[in-house]
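Structure at a glance
Below are the chains, spelled out letter by letter.
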Amino acid sequence: MYRLTDDIARRRMLYPPPIATVASALVIDIPVGQRGAGLSLGRYYAILLEDDAEIAEAERFLSTTRDAPVPPDLFDRRPTRLYTANFVVIRYEPPAAGWPWLSVCQWPGKSGPGDPVPRGDMARGCYTMEAFETPSALEAHQAELLAQLGREHRLAVRMIAGDGLPPPGRC
């Protein structure tokens, strides 16, 4: 019998949400022989989990005994329950050395859980994610993303520190 935690998902790291209103990211470091171009940095697979129940469900899924490997994509097409009226760019710092920096974008929905904007090419219909080896690469990516969006749309940018409070010295 086979469990994903014995092979594909043996090395994984949970990135807690930087603020309470965004998802956690469970990042799986895919083993060398199974990596590919479709993975972030050629090796990482991220699962965006919106609450503690989903974190527990993901761990149960990865630990379940089965006959053969299956993709850990049970949340990829599940609709989000964390709606936002604004475009949100989220920076996830690695919880331990040797893990990537993440930039997750949460795209706005309509009015709430009963009325999502379907986006089949985005995780959970509203998320895009990129991984970076260094914080400077992540910062350059996010700056370029905001510059591109600013050329096409009027943007109001508000920085929020990881604890959900304004950065020090700003109120």
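Above this text you will find the structure in question.
Residues numbered from 1 in each chain as written. Predicted model: local features only at pLDDT ≥ 70, side-chain atom pairs only at ≥ 80, totals over all residues. Heavy atoms only, no water.

Some words on the sheet that holds strand β6 (residues 127–132)
The antiparallel open sheet is built from three strands, whose spatial order is β4-β5-β6. Where the open sheet ends on each side, the last strands, each with one partner, are β4 (88–92) and β6. Sheet twist, expressed as the average angle between the axes of neighbouring strands with direction ignored, equals 15°. In terms of strand pairing, strand β5 (residues 101–106) meets β6 through six bridges, oriented antiparallel. Bridging from a neighbouring strand, Val104 pairs with Met129 of β6. Across the sheet, helix α2 (residues 135–152) lies against β4, β5 and β6, angled at about 175° from β4, the strand it touches most. (Pairing = 2+ DSSP bridges. Helix = DSSP H or I, 4+ residues; strand = E, 2+ residues; numbered from the N terminus. Axes fitted to C-alpha atoms, helices over the stretch in contact; angles between N-to-C directions. Contact = heavy atoms within 4.5 Å.)

Thoughts on the side chain of Ser24
Here Ser24 lies in strand β2 (residues 24–29). The contact partners of Ser24, leaving out residues within four places of it in the chain, are Leu14, Tyr15, Pro16, Pro17, Ile47, Leu48, Leu49 and Ile55.

Considering the nonpolar core
Judged by nonpolar contacts, the single largest core of 18 residues is most densely connected at Tyr15, Val27, Tyr92 and Leu102. If you list the elements that add at least two residues to this core, you get β1 (12–15), β2, β3 (44–49), β4, β5 and β6. Per-element accounting of this core gives the leading share, three residues, to β3. Non-local contacts of Tyr92, meaning those with residues more than four positions away in its chain, are made with Tyr15, Pro16, Pro17, Pro18, Val22, Ala23, Ala25, Trp101, Leu102 and Val104. Residues Tyr2, Ile8, Phe61 and Leu62 belong to the second largest nonpolar core, which totals 16 residues. (Core = buried A, V, L, I, M, F, W, Y, C linked by side-chain atoms within 4.5 Å. Buried < 20%, exposed > 50% of the residue type's maximum accessible area, 1.4 Å probe, protein only.)

Comments concerning the pairing of β3
Taking burial as the measure, the six residues of β3 include six buried ones, the bulk of the element. Residues Tyr44, Ala46 and Leu48 of β3 are buried on one face, and the alternating residues Tyr45, Ile47 and Leu49, pointing to the opposite face, are buried as well. Alignment of β2 against β3, held across six bridges, turns out to be antiparallel. Note on β3: the bridge partner recorded for Ile28 is Tyr45.

Quick look at the sheet that holds β3
Within a beta sheet, neighbouring strands are joined by backbone hydrogen bonds and run either parallel or antiparallel to one another. Read from one edge to the other, the open sheet built from three strands follows the order β1-β2-β3, with strand pairing classed as antiparallel. Both edges of this open sheet fall to β1 and β3, since each of them pairs with a single strand only. If you compare each strand with its neighbour and ignore which way they point, the axes differ by 20° on average. Looking at chain direction, β1 and β2 are connected through four bridges and run antiparallel. Bridge pairing in β2 places Met13 opposite Val27. Packed onto the sheet, helix α1 (residues 52–63) meets β1, β2 and β3 and runs at close to 20° relative to β2.

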